[in-house]
Amino acid sequence: MAIVLGLVQGVAEFLPISSSGHLSLLQYFFGMEEPDALYNILLHFATLLAVCVVYRGDIIDMIVEFFRGAAALFSRPGGRERGNPPEARRLVLLLVLGTLPLFLVLPIEDFVEELGASPVFVSVMLLVTGCILFLSDRCGGGRKNGRTATVKDVLLVGLAQGAATIPGLSRSGTTISAGMALGFERNFAVRFSFLLSLPAVLGATLLKVVKVAGAGEIDMNLLPMYLTGMAVAGVVGYFSISLVKLLASKGKFGMFAYYCWIAGTVSLAARFLLPILFPAA
């Protein structure tokens, strides 16, 4: 079970096919128990580490430029830097702005999570994800990057990330497609999407850890399962990110649309046909 859930998390978290949607459908159709609260948190943390490994250079540059920018801000006027700020420093601001729309989701967080209990709803959202991905390649080819993306651009990508909290909508697929539609260069759209996931996942992880710890739901006897799932999710997530980067750079990001359409159609049909074919006794 630990390996299966880790595999699903690592693949579906970064490939644009919706990890929350797949986990919901697996639980509904195959009777898989909902993951232990802490285990679910750790799987997300493992995928966060995968992003950190892939984009370690960008993250280090942003940390350095954050402190340089703070030093320049509080220095004497004559000592402030002039001209355009380095891309890494500007990227810090863009990521902060892109994360702000997530706060709009907080008041309805419980309602959004409850939507995942409906296989019909999740299936329809997978079909919608497929449509978004299909259009993404036709919107690609822009030239905006970390130096030229505007505040409006990143806020709209942030709104797309907020919308993707809906089960069945892919976070990576929605944000990358939104970036491409706004004129982002393909590689920057992918890079910005995954970097944008860092504050979102880290913030959600910290909040849930506090909640789980306060409820006393940590069982150290499950440590082997935790470590196994994290290892699988992290390693698979690393290669999933690499695959997305490769396909997006070649203009083939939309190929995932066909998978989402098939998965959505099959699960939708199964939801209505299984009760007819195998009625409960």
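Quick note: structure is the one above.
Report on the accompanying structure. Since this is a predicted model, take the numbers as computed values, not measurements.

Parameters at a glance
Residues numbered from 1 in each chain as written. Predicted model: local features only at pLDDT ≥ 70, side-chain atom pairs only at ≥ 80, totals over all residues. Heavy atoms only, no water. Helix = DSSP H or I, 4+ residues; strand = E, 2+ residues; numbered from the N terminus. Contact = heavy atoms within 4.5 Å. Expected span 1.5 Å × (residues − 1). Buried < 20%, exposed > 50% of the residue type's maximum accessible area, 1.4 Å probe, protein only. Phe/Tyr/Trp six-rings, centres within 6.5 Å; stacked < 30°, edge-to-face > 60°. Lys NZ or Arg CZ within 6 Å of the ring centre and 35° of its normal.

Looking at the environment of Ser19
Here Ser19 is to be found in helix α2 (residues 19-30). Separated by 152 residues in the primary sequence, Ser19 and Arg171 have C-alpha atoms spaced 8.8 Å apart. Aside from chain neighbours lying at most four places away, what touches Ser19 is Gln9, Ala12 and Glu13.

What to know about helix α8 (residues 151-163)
Helix length check: α8, at 13 residues, gives a terminal C-alpha distance of 18 Å against a target of 18 Å (1.5 Å per residue), a fit within 8%. Here α8 has its buried residues at Asp153, Val154, Val157, Gly158, Ala160, Gln161 and Gly162.

As for the packing of aromatic side chains
One pass over the full model with this rule turns up eleven aromatic pairs. Taking the centre distance of 5.0 Å and the plane angle of 90 degrees together, the rings of Tyr28 and Phe29 count as edge-to-face. For the pair Phe253 and Phe256, a centre-to-centre distance of 6.3 Å together with 70 degrees between the ring planes defines the contact as edge-to-face. Each member of the aromatic cluster is reached from another via a ring pair, and the members are Phe14, Tyr55 and Phe194. Of note, Arg138 hangs over the ring of Phe134, and the distance from its end group to the ring centre comes to 4.0 Å. Here the guanidinium or amino end of Arg271 rests over the ring plane of Phe272, the centre of that ring lying 5.7 Å away.

Things to note about the environment of Ser197
Note that Ser197 resides in helix α10 (residues 186-215). Residue classification places Ser197 among the buried residues on the basis of a relative accessible area of 5%. Sequence separation between Ser197 and Thr175 is 22 residues; the distance between their C-alpha atoms is 9.7 Å. Excluding its chain neighbours within four sequence positions, the residues that come into contact with Ser197 are Val51, Gln161 and Arg171.

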